[in-house]
Amino acid sequence: EAQVTQNPRYLITVTGKKLTVTCSQNMNHEYMSWYRQDPGLGLRQIYYSMNVEVTDKGDVPEGYKVSRKEKRNFPLILESPSPNQTSLYFCASSLTGTGAYNEQFFGPGTRLTVL
Amino acid sequence: GESVGLHLPTLSVQEGDNSIINCAYSNSASDYFIWYKQESGKGPQFIIDIRSNMDKRQGQRVTVLLNKTVKHLSLQIAATQPGDSAVYFCAEKGRGSNYKLTFGKGTLLTVNP
């Protein structure tokens with residue numbers, strides 16, 4: 001089954017404790033992206049990757065890191081999480097980007113709470 | 001900055017009625033628009049899209065209308081069913097970038113049986 005998977009689905013952590021949220025897709029997509037979803041603010045893009053070893057900042061990249069060493073994986077790293085990073089995180093992938101005929105497939109989400 | 005917004009945060013309809021969800025965008029350079037559906041506890045799911053050189057596009061029970069004059073996008077759902085209950089987002093892609101999307105804040109659609 002074609003899908004985007006994220007782990008963990010739920011995470012409660014404390015301020016400053018490094019964490020990684022994994023994202024994996026099995027559709028051989030070149031493009032992957034991370035979003036955060038907050039009440040009243042909608043989905044905002046954190047980082048995206050156009051292909052292996054090629055990443056760029058989205059609208060809210062502060063406090064996050066990403067890497068793209070393999071085509072299928074795009075982990076989101078919080079080196080020193082803070083309470084304002086408490087949010088619902090979504091990973092997405094598509095064939096080549098966000099243009100027409102490039103449907104984005106979203107993962108199930110990771111709910112992160114930073115105490 | 002540029003933004004994509006929604007006129008109504010909630011919409012309640014009777015089963016079988018038609019639903020119309022609206023979206024205003026401010027970036028006149030956007031060239032591609034998408035509607036997503038997000039059910040409770042799930043990630044957004046693509047519904048239908050439209051390019052800026054089109055005014056209307058139809059799918060199965062859904063129609064998207066684009067009015068570039070007033071920068072307005074709408075999603076029409078025919079014969080709304082309980083399974084259509086979800087949050088609906090519009091998203092836009094700016095011309096010149098094939099890697100970024102700007103999302104609206106969402107409209108919660110509730111279908112009453």
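Keep in mind the model is a prediction, meaning the values are calculated, not measured.

Novice: What is the right way to look at the overall build of chain A in this model?
Specialist: In terms of helices and strands, chain A carries zero helices and eleven strands. Along chain A, helices and strands appear, N-terminal first, in the series β-β-β-β-β-β-β-β-β-β-β. On C-alpha atoms alone, chain A measures out to a radius of gyration of 13 Å, which is about the 13 Å that the 2.2 N^0.38 rule sets for 115 residues. With the principal axes as the frame, chain A shows a C-alpha extent of 40 × 30 × 25 Å.

Novice: Any chance you could explain the overall build of chain B here in plain terms?
Specialist: Assigned secondary structure in chain B consists of zero helices and eleven strands. Reading the secondary structure of chain B in the N-to-C direction produces β-β-β-β-β-β-β-β-β-β-β. With the principal axes as the frame, chain B shows a C-alpha extent of 45 × 30 × 20 Å. Pairs at least 24 residues apart make up 54% of the contacts formed inside chain B by residues separated by at least 6 positions. Charge separation in chain B, taken as the distance between the mean sites of 12 positive and 9 negative side-chain charges, equals 6 Å.

Novice: Looking at this model, I keep getting lost on the interface of chain A and chain B. Mind explaining?
Specialist: Contact with chain A, which involves 26 residues of that partner, is made by 20 residues of chain B. Interface area, chain A with chain B, both sides summed: about 1800 Å², of which 56% is carbon and sulfur. There are one salt bridge connecting chain A and chain B. Where D59 of chain A meets K100 of chain B, a salt bridge forms, and the shortest distance between an N and an O atom there is 3.2 Å. Counting across the chain A and chain B interface gives six residue pairs in polar contact (both at pLDDT 80 or more). At the level of elements, β4 (31-38) and β5 (42-51) of chain A are the ones that each hand at least two residues to the side of chain A that touches chain B. Looking at which element gives the most residues to the side of chain A that touches chain B, the answer is β5 of chain A, with five residues.

Novice: Sorry if this is basic, but what is going on with unusual backbone geometry here?
Specialist: The bulk of non-glycine residues show a negative phi, and the bulk of peptide bonds are trans. Following N7 of chain A, the chain continues into P8 of chain A via a peptide bond in cis, with omega recorded as -5 degrees. With respect to the helices, strands and loops of the structure, P8 of chain A is situated in the loop between β1 (4-7) and β2 (10-13). Unusually for a residue other than glycine, E53 of chain A sits at a positive phi of about 65 degrees. Look at E53 of chain A and you get exposed, because its relative accessible area is 61%. Despite not being glycine, R61 of chain B shows a phi value in the positive range, around 65 degrees. Within the element layout of this structure, R61 of chain B appears in the loop between β6 (56-58) and β7 (62-67). Since its relative accessible area comes to 29%, R61 of chain B is described here as partly exposed.

Novice: What should I look at first to understand the packing of aromatic side chains in this one?
Specialist: Remark: the centre distance and the inter-plane angle together describe each pair of aromatic rings, the angle taken between the planes. Residue and element names in this part refer to chain A. Considering all chains together, one arrives at eleven aromatic pairs over all chains under this definition. An angle of 65 degrees between the planes, with centres 5.9 Å apart, marks the rings of Y64 and Y89 as edge-to-face. With Y64 in the loop between β6 (54-57) and β7 (65-66) and Y89 in strand β9 (residues 87-94), this residue pair connects regions lying 25 residues apart in the sequence. Across the pair, Y89 and Y64 agree in class, each one buried.

Conventions we followed
Residues numbered from 1 in each chain as written. Chains lettered and ligands numbered in written order. Predicted model: local features only at pLDDT ≥ 70, side-chain atom pairs only at ≥ 80, totals over all residues. Heavy atoms only, no water. Helix = DSSP H or I, 4+ residues; strand = E, 2+ residues; numbered from the N terminus. Rg over C-alpha atoms; globule rule 2.2 N^0.38 Å. Contact = heavy atoms within 4.5 Å. Lys, Arg positive; Asp, Glu negative; His and termini not counted. Charge placed at Lys NZ, Arg CZ, Asp CG, Glu CD. Buried area = accessible area lost by both parts, 1.4 Å probe. Salt bridge = Lys/Arg side-chain N within 4 Å of Asp/Glu carboxyl O. Polar contact = N/O pair within 3.5 Å; in protein donor to acceptor, adjacent residues only side chain to side chain. Buried < 20%, exposed > 50% of the residue type's maximum accessible area, 1.4 Å probe, protein only. Phe/Tyr/Trp six-rings, centres within 6.5 Å; stacked < 30°, edge-to-face > 60°.

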